Amino acid sequence: MNLLRRKPSATTGRTHDDVLRTVAAVAGRAAAGDLEARVPYLGDDAVLVELRTAFNHQLDMTDAFVRDASATLTAASEGRFHRRFLLGGTRGAFRNGAQVIDAARRASATAGAELDQATASRLALADELESTVLGASEQVSAGATSAGAGAAELARTARDAVEQVQRAVATVGSLREASSRIEEAVKLIEKVAAQTRLLSLNATIEAERAGPAGAGFAVVAEEVKRLADQAAQSNSVIAAQVAASQQATEEAVAVIEGVAARIESMDAEVGAITDAVSGGGGTTGLSEIAGLLQQQVGGFVATVRGS
């Protein structure tokens, strides 16, 4: 190169080796990322001026490209997609690179808008899901509480009914025992009436044997026989009524026992419903299920909102 054969500069006193070392040092700093470095004044020699101007202009273009690219990409990363790459004064590879970066900025802006829309839709869906599930679970919880109270009241009513039926069975059993005792009394009356009738017959025979002296005794014997016959007739009526009463009692006992068995079955079924609604017996009640559902949905919605 002619530059290497030139004499030292008359204005700066730099030799050609000094010039080359200076330019190499600036190039080395630029290669290391220091784009602030510039070639200093080298002298008035036209070649040196041209060299310094061209080298520093290349550094200026590189520095401007890096700064504008960094500013554009930084703004895009922060969601400020309106920050464009300034193309004024850029040429060649710098302009192509700037256009590529600006296209990436526009694509990022579109993707960012779509992401914002998707995020808004996801949050709206989370809000709707939370509102719907919480509303439904609150209704279930309130319904379960009301149903649990109703089932508990029904269970108490069923137990009271069972106790009343059991008392009715006991009462009817007492009536059956009373009927049995009446039946025994009727049999005793029948036996007494028969004996009385036999005694009156014997008295009548003895009165006939006594002749006129036994006339009064015969009248008494006849009256006793008539009373014995009336007692026997009345006893027959009572026996029939007692038999009818015993049959009715047996039928009433059968009906009441059937009702008692049915109410006891209802009591067990109501207890199972109460356990299912309110929880108990190792089961999970509807209110607890509603609470667990709220917790699960709350965790899911929090995850969706935070993602």
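Preceding block: the structure.
Predicted model, so just to flag it, every value in this text is computed and none were measured.

A. Quick look at the overall build of the protein chain. The number of helices and strands found in the protein chain is 6 helices and 0 strands. Its helices and strands in sequence order give the protein chain the pattern α-α-α-α-α-α, from N to C terminus. Projected onto its principal axes, the C-alpha positions of the protein chain cover 200 × 30 × 20 Å. Going through the 307 residues of the protein chain one by one, you find that 23% of them count as buried. Within the protein chain, contacts between residues at least 6 apart in sequence are counted, and of these 64% link residues at least 24 apart. Split by element, the accessible area of the protein chain, about 19,500 Å² in all, is 60% carbon and sulfur. Taking the average place of the 30 positive charges on the side chains of the protein chain and the average place of its 38 negative ones, the gap between the two points comes to 17 Å.

B. Up close: a nonpolar patch on the surface. Together, Val140, Leu286 and Ile289 make up an exposed nonpolar region whose accessible area comes to about 220 Å². You can see valine 140 is positioned in helix 4 (residues 92–210).

C. View of the nonpolar core. Core analysis: the biggest nonpolar cluster contains 10 residues, these being Val19, Val23, Val26, Ala30, Leu35, Ala37, Val39, Leu42, Leu48 and Leu59. Those elements that place two or more of their residues in this core are helix 2 (16–31) and helix 3 (46–77). A total of 4 residues in this core trace back to one element, the largest contributor, which is helix 2. Membership of the second largest hydrophobic core comes to 7 residues, among which are Val165, Val172, Ile256 and Ala260.

D. Helix 6 (residues 286–306), seen in detail. End to end, helix 6 covers 30 Å across 21 residues, agreeing with the expected 30 Å (1.5 Å per residue, within 8%). All of the buried residues in helix 6 are Ala290, Val297, Val301 and Val304. Along helix 6, the residues classed as buried sweep out an arc of 55° about the axis, all on the same side. Away from the buried face of helix 6 by more than 90 degrees, exposed residues Gln295, Gln296, Thr303 and Gly306 are located.

E. Examining the packing of helix 2 against helix 3 more closely. The contact between helix 2 and helix 3 brings their axes to 12 Å, and the two run at 5°. For the element pair helix 2 / helix 3, the angle class is roughly parallel. Every residue of helix 3 that contacts helix 2 at Val19, Val23, Val26, Ala27 and Ala30 is listed here: Leu48, Leu51, Phe55 and Leu59. Grouping the constituent residues of the contact of helix 2 with helix 3 by class yields 9 nonpolar, no polar and no charged.

F. Broad picture of the environment of glutamine 139. For glutamine 139, the position within the fold is in helix 4. As for glutamine 139 and alanine 252, which are separated by 113 residues in sequence, their C-alpha atoms are 46 Å apart.

G. Examining the side chain of threonine 72 more closely. If you trace the backbone, threonine 72 turns up in helix 3. Residue classification places threonine 72 among the buried residues on the basis of a relative accessible area of 1%. Here the side chain of threonine 72 touches aspartate 68 through a polar contact of 2.8 Å, landing on its backbone oxygen. Each residue touching threonine 72, except ones within four places of it in the same chain, is listed here: Arg83, Arg84, Phe85, Ile101 and Arg105.

Each value, and the rule that gives it
- Residues numbered from 1 in each chain as written.
- Predicted model: local features only at pLDDT ≥ 70, side-chain atom pairs only at ≥ 80, totals over all residues.
- Heavy atoms only, no water.
- Helix = DSSP H or I, 4+ residues; strand = E, 2+ residues; numbered from the N terminus.
- Buried < 20%, exposed > 50% of the residue type's maximum accessible area, 1.4 Å probe, protein only.
- Contact = heavy atoms within 4.5 Å.
- Areas by Shrake-Rupley, 256 points an atom, 1.4 Å probe, with all protein chains shown as cover.
- Lys, Arg positive; Asp, Glu negative; His and termini not counted.
- Charge placed at Lys NZ, Arg CZ, Asp CG, Glu CD.
- Patch = residues over 30% accessible without salt bridge, like charges linked within 9 Å, V, L, I, M, F, W, Y side chains within 5 Å.
- Salt bridge = Lys/Arg side-chain N within 4 Å of Asp/Glu carboxyl O.
- Core = buried A, V, L, I, M, F, W, Y, C linked by side-chain atoms within 4.5 Å.
- Expected span 1.5 Å × (residues − 1).
- Arc of directions from axis to C-beta.
- Axes fitted to C-alpha atoms, helices over the stretch in contact; angles between N-to-C directions.
- Parallel < 35°, antiparallel > 145°, perpendicular 65-115°, else oblique.
- Nonpolar A, V, L, I, M, F, W, Y, C, P; charged D, E, K, R; others polar.
- Polar contact = N/O pair within 3.5 Å; in protein donor to acceptor, adjacent residues only side chain to side chain.

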